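Now for the letters of each chain:
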Amino acid sequence: MLLVATVSVSAQEPFRKWNGRKCAVVLTYDDALNVHLDKVVPALDAHGLKGTFYLVASSPVVAGRLGEWRKIAQDGHELGNHTLNHPCDGSLPGRSWVSPETDLSRYTVERAVQEIRTTNTLLKAIDGKTERTFAYPCGDFTIGGKPYYDVLKDDFAGARGVRSGYLPARSVDLSDINAFAQDGATAAQMIAQIEEAERAGSFTVFLFHGVGGEHPMNVATEEHQKLLDYLKKREKDIWVATMVDVAQYIRKEQGK
């Protein structure tokens with residue numbers, strides 16, 4: 001009987017790798033939108049869940065609502081770095097909307113690094129924290145073929161990318177953490193992604209922009225609410241945490 005019990009525990013152990021849960025979920029919200037403060041934060045707080053909000057430092061929603069961003073950081077949400085001006089590579093197909101001032105292809109690595117570090121200084125002034133994560137605007141990694149984040153690896157716990165996938169903690173590239181962008185997704189579709197992560201013994205990072213409006217990439221408020229309801233119902237099996245907490249957990253699992 002003792003042997004059977006030992007085998008049973010051993011068989012279950014690989015599926016409880018994520019802080020004692022079967023999988024992890026990270027809820028991230030990009031671009032510092034009003035709806036994040038007006039709709040998302042109250043919904044997260046009502047469920048006792050924490051999210052990561054990637055702020056563009058030059059956004060008027062940052063400047064105009066500093067006290068509210070400070071308050072949500074005090075309440076346990078993460079303020080992540082989404083750069084000073086959200087530069088994207090305007091030389092790529094379909095990028096005619098990128099302005100010359102925010103065209104990453106016209107940047108130098110030095111300029112990108114300086115603007116990102118300036119954003120870290122602002123974020124620290126808001127929340128007093130030194131540990132946080134980064135998110136690549138538009139998922140663009142390079143300037144002139146050179147990965148600009150290579151210079152910044154010691155500045156962050158990790159960097160969220162835009163490529164989807166389900167990896168074990170020890171296989172995660174902390175310079176390009178997998179994420180699933182959500183645009184028009186239903187709760188059923190998002191829950192299916194979580195269930196796939198659970199089967200793989202992995203984690204999933206949701207990449208939101210608009211929730212109930214304010215951005216072309218949008219998820220309906222009702223679908224977002226259903227997702228939170230599901231996560232709350234399954235809190236014994238699913239670890240919902242900020243990106244910085246999950247990145248630090250992965251780093252520990254990798255022995256770094």
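What you see is a predicted model; the values in this text were computed from it and never measured.

Calculation rules
Residues numbered from 1 in each chain as written. Predicted model: local features only at pLDDT ≥ 70, side-chain atom pairs only at ≥ 80, totals over all residues. Heavy atoms only, no water. Helix = DSSP H or I, 4+ residues; strand = E, 2+ residues; numbered from the N terminus. Rg over C-alpha atoms; globule rule 2.2 N^0.38 Å. Buried < 20%, exposed > 50% of the residue type's maximum accessible area, 1.4 Å probe, protein only. Contact = heavy atoms within 4.5 Å. Lys, Arg positive; Asp, Glu negative; His and termini not counted. Charge placed at Lys NZ, Arg CZ, Asp CG, Glu CD. Disulfide = S-S within 2.5 Å. pLDDT = per-residue confidence, 0-100. Salt bridge = Lys/Arg side-chain N within 4 Å of Asp/Glu carboxyl O. Axes fitted to C-alpha atoms, helices over the stretch in contact; angles between N-to-C directions. Left-handed = near helix turned anticlockwise from the far one by under 90°. Nonpolar A, V, L, I, M, F, W, Y, C, P; charged D, E, K, R; others polar. Phe/Tyr/Trp six-rings, centres within 6.5 Å; stacked < 30°, edge-to-face > 60°. Lys NZ or Arg CZ within 6 Å of the ring centre and 35° of its normal. Core = buried A, V, L, I, M, F, W, Y, C linked by side-chain atoms within 4.5 Å.

1. Thoughts on the overall build of the chain
Okay, so step 1: Within the chain one finds 8 helices and 12 strands.
Okay, so step 2: In terms of overall dimensions, the chain is globule-like: its C-alpha atoms have a radius of gyration of 19 Å, near the 18 Å expected for 256 residues.
Okay, so step 3: Considering only C-alpha atoms, the chain reaches an extent of 70 × 40 × 35 Å along its principal axes.
Okay, so step 4: Here the chain holds 256 residues, and 51% of them are scored as buried.
Okay, so step 5: Intrachain contacts of the chain at a sequence separation of at least 6 include 72% that bridge at least 24 residues.
Okay, so step 6: Measuring between centres, the 30 positive side-chain charges of the chain sit 5 Å from its 33 negative side-chain charges.

2. Comments concerning the state of the cysteines
Okay, so step 1: Under the counting rule described, the total for this entry stands at 1 disulfide.
Okay, so step 2: Note on cysteine connectivity: Cys88 is disulfide-linked to Cys138, with sulfurs 2.0 Å apart. On the sign convention where negative is left-handed, the bridge of Cys88 and Cys138, at about 70° about the S-S bond, is right-handed. Of this pair, Cys88 sits in the loop between β3 (78-81) and α5 (109-127) while Cys138 sits in the loop between β4 (134-135) and β5 (142-143), and the two are 50 residues apart along the sequence.
Okay, so step 3: Under the relative-accessibility criterion, Cys88 is labelled buried at 1%.
Okay, so step 4: Given a relative accessible area of 28%, Cys138 falls into the partly exposed group.

3. Regarding the confidence of the model for the chain
Okay, so step 1: On average, residues of the chain score 94 in pLDDT, and 94% of them reach the 70 mark or higher.
Okay, so step 2: Residue range residues 1-14 is modelled with pLDDT below 50. Its contacts to residues more than four positions away, or to other chains, number 0 contacts.

4. Describing the pattern of salt bridges
Okay, so step 1: In total, this model carries 17 salt bridges according to the counting rule given.
Okay, so step 2: Salt-bridge contacts for Arg65 lead to Glu68; the nearest nitrogen and oxygen are separated by 2.7 Å.
Okay, so step 3: Overall, the relative accessible area of 15% leaves Arg65 in the buried class.
Okay, so step 4: Its relative accessible area of 36% is what places Glu68 among the partly exposed residues.

5. Considerations on the packing of helix α6 (residues 187-200) against helix α7 (residues 221-233)
Okay, so step 1: Running from N to C, α6 and α7 point in directions that differ by 35°, and their axes come no closer than 8 Å. Every pair of crossing elements has a handedness; the one defined by α6 and α7 is right-handed. For the pair α6 and α7, the contacting residues are Ala187, Met190, Ile191, Ile194 and Glu195 in the first and Glu223, Lys226, Leu227, Tyr230 and Leu231 in the second.
Okay, so step 2: Residues of the contact of α6 with α7, tallied by class, amount to 7 nonpolar, no polar and 3 charged.

6. A word on the packing of aromatic side chains
Okay, so step 1: In total, this model carries 16 aromatic pairs according to the counting rule given.
Okay, so step 2: With a centroid separation of 5.0 Å and an interplanar angle of 20°, the aromatic rings of Tyr29 and Phe53 are classed as stacked. Taken together, the residues Tyr29 in strand β1 (residues 23-30) and Phe53 in strand β2 (residues 52-55) connect sequence positions 24 residues apart. Considered together, Tyr29 and Phe53 belong to a single accessibility category, that of buried residues.
Okay, so step 3: Aromatic pair Phe134 and Tyr136: ring centres 5.3 Å apart, planes at 80°, arrangement edge-to-face. The residues Phe134 and Tyr136 share a single accessibility class, namely buried.
Okay, so step 4: Among the aromatic residues, ring-to-ring pairing joins Phe134, Tyr136, Phe141, Tyr148, Tyr149 and Phe156 into one connected group.
Okay, so step 5: The ring of Tyr107 carries the charged tip of Arg111 above its face, separated from the ring centre by 3.7 Å.

7. Here we look at the nonpolar core
The tendency in soluble globular proteins is for nonpolar side chains to be buried as a group.
Okay, so step 1: In this structure, Leu27, Phe53, Trp69, Ile194, Phe208, Leu227 and Leu231 are the most contacted members of the largest nonpolar core, which totals 35 residues.
Okay, so step 2: Here this core gets 5 residues from one element, more than from any other, and that element is helix α2 (residues 34-47).
Okay, so step 3: With near-sequence residues (within four places) excluded, Leu227 lies in contact with Leu27, Ala187, Met190, Ile191, Ile194, Phe206 and Phe208.
Okay, so step 4: Membership of the second largest hydrophobic core comes to 22 residues, among which are Ile177, Met243, Ala247 and Tyr249.

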